[in-house]
Amino acid sequence: MAAQLEQKTIDLLNRRNFAHLSTHRADGTIHNVVVWIGVDEQGRPFVNTAEGRVWPNNLERDPRVTVSVHDTDNPYEFASITGKVVDRDTENGDAVIDALAKKYMNVDSYPFRKEGEVRVTFTIEPERVTHHGA
């Protein structure tokens, strides 16, 4: 069952706060990475990466994911979002990483793009959301 993000959680994700994304490896253990994060028009979190990396491969196999984000100005404010990937988009992947680079680095184009890489955006449908310290 989908959960709605409260405005305070959307605000936390829309600020320049890094997220910790946890996926499930094939052996059931957790793989955790730091990622840039955004929120789409429906209030769903999204992340972007290049195909072929470990964590997107994990999501292809098992769409369950947990994301946690804390406020860099107040680390006692944080949100945890557990859900499933409901959309995988490569068509807009380059535009999404450029928008995230603008948010996180204040540059117009993602500077670490590698020739031939395919950018993929995963949209997460929240199932459980907690927000503390706001």
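So, a few notes on the structure that sits alongside this text. Please read all numbers here as calculations on a predicted model, not as lab measurements.

Bringing the overall build of the protein into the picture now. A tally of helices and strands in the protein yields three helices and seven strands. Counting helices and strands in the order they occur from the N terminus, the protein gives α-β-β-β-β-α-β-β-α-β. Taking 2.2 N^0.38 as the reference for a compact globule, 134 residues should give roughly 14 Å; the C-alpha atoms of the protein span a radius of gyration of 14 Å, in line with that estimate. When its C-alpha atoms are laid out on the principal axes, the protein stretches across 40 × 40 × 25 Å. Looking at the protein as a whole, 43% of its 134 residues qualify as buried. Summed over all atoms, the accessible surface of the protein reaches about 7400 Å², with 49% contributed by carbon and sulfur. Counting 16 positive and 21 negative side-chain charges, the protein places the averaged centre of each group 5 Å from the other.

This part takes up the pattern of salt bridges. Side-chain pairing between opposite charges can occur once the charged atoms of the two side chains come close. This structure, assessed with the given rule, holds 12 salt bridges. With a shortest N-O distance of 3.1 Å, arginine 15 and aspartate 71 are connected by a salt bridge. Residue arginine 15 is located in the loop between helix H1 (7-14) and strand E1 (19-24), and its partner aspartate 71 is located in strand E5 (residues 64-71); the two are separated by 56 residues in the primary sequence. When its relative accessible area of 34% is taken as the criterion, arginine 15 is described as partly exposed. Two residues, arginine 119 and glutamate 117, come together in a salt bridge whose shortest N-O distance is 3.4 Å. The exposure class of arginine 119 is buried, given its relative accessible area of 3%. Sharing partners across several salt bridges, the network here consists of Arg15, Asp71 and Glu77.

Bringing the nonpolar core into the picture now. Soluble, globular proteins show a tendency: their nonpolar side chains are buried together. Judged by nonpolar contacts, the single largest core of 30 residues is most densely connected at Leu21, Trp55 and Val67. Per-element tally for this core: the top contributor is helix H3 (residues 93-105), with five residues. Look past the residues within four positions of valine 67 in its chain and what remains in contact with it is Ala19, His20, Leu21, Ile37, Ala79, Ser80, Ile81 and Ile124.

Within the open sheet, the seven strands sit side by side as E2-E1-E5-E6-E7-E4-E3. Their pairing is antiparallel. Unpaired on one side and paired on the other, strand E2 (30-35) and strand E3 (38-39) mark the two borders of the sheet. The strands touched by H1 are E3, E5, strand E6 (74-89) and strand E7 (119-132); relative to E6, the strand with the most contacts, the crossing angle is about 85°. H3 rests against E3, strand E4 (45-50), E6 and E7 of the sheet, and its axis sits at about 105° to E4.

Moving on: H3. For H3, spanning 13 residues, the distance from its first C-alpha to its last is 17 Å, which sits close to the expected 18 Å at 1.5 Å a residue. Taken residue by residue, H3 has Gly93, Val96, Ile97, Leu100, Ala101 and Tyr104 as its buried positions. Taken around the axis of H3, the buried residues stretch over an arc of 140°, which confines them to a single face. Each element contacted by the buried residues of H3 is listed here: E3, E4, E6 and E7. Looking one or two residues beyond H3, the residue adopting positive phi is asparagine 106, at roughly 60°.

Rules of the game
- Residues numbered from 1 in each chain as written.
- Predicted model: local features only at pLDDT ≥ 70, side-chain atom pairs only at ≥ 80, totals over all residues.
- Heavy atoms only, no water.
- Helix = DSSP H or I, 4+ residues; strand = E, 2+ residues; numbered from the N terminus.
- Rg over C-alpha atoms; globule rule 2.2 N^0.38 Å.
- Buried < 20%, exposed > 50% of the residue type's maximum accessible area, 1.4 Å probe, protein only.
- Areas by Shrake-Rupley, 256 points an atom, 1.4 Å probe, with all protein chains shown as cover.
- Lys, Arg positive; Asp, Glu negative; His and termini not counted.
- Charge placed at Lys NZ, Arg CZ, Asp CG, Glu CD.
- Salt bridge = Lys/Arg side-chain N within 4 Å of Asp/Glu carboxyl O.
- Core = buried A, V, L, I, M, F, W, Y, C linked by side-chain atoms within 4.5 Å.
- Contact = heavy atoms within 4.5 Å.
- Pairing = 2+ DSSP bridges.
- Axes fitted to C-alpha atoms, helices over the stretch in contact; angles between N-to-C directions.
- Expected span 1.5 Å × (residues − 1).
- Arc of directions from axis to C-beta.

Purely spatial values, then, with no claim about function.
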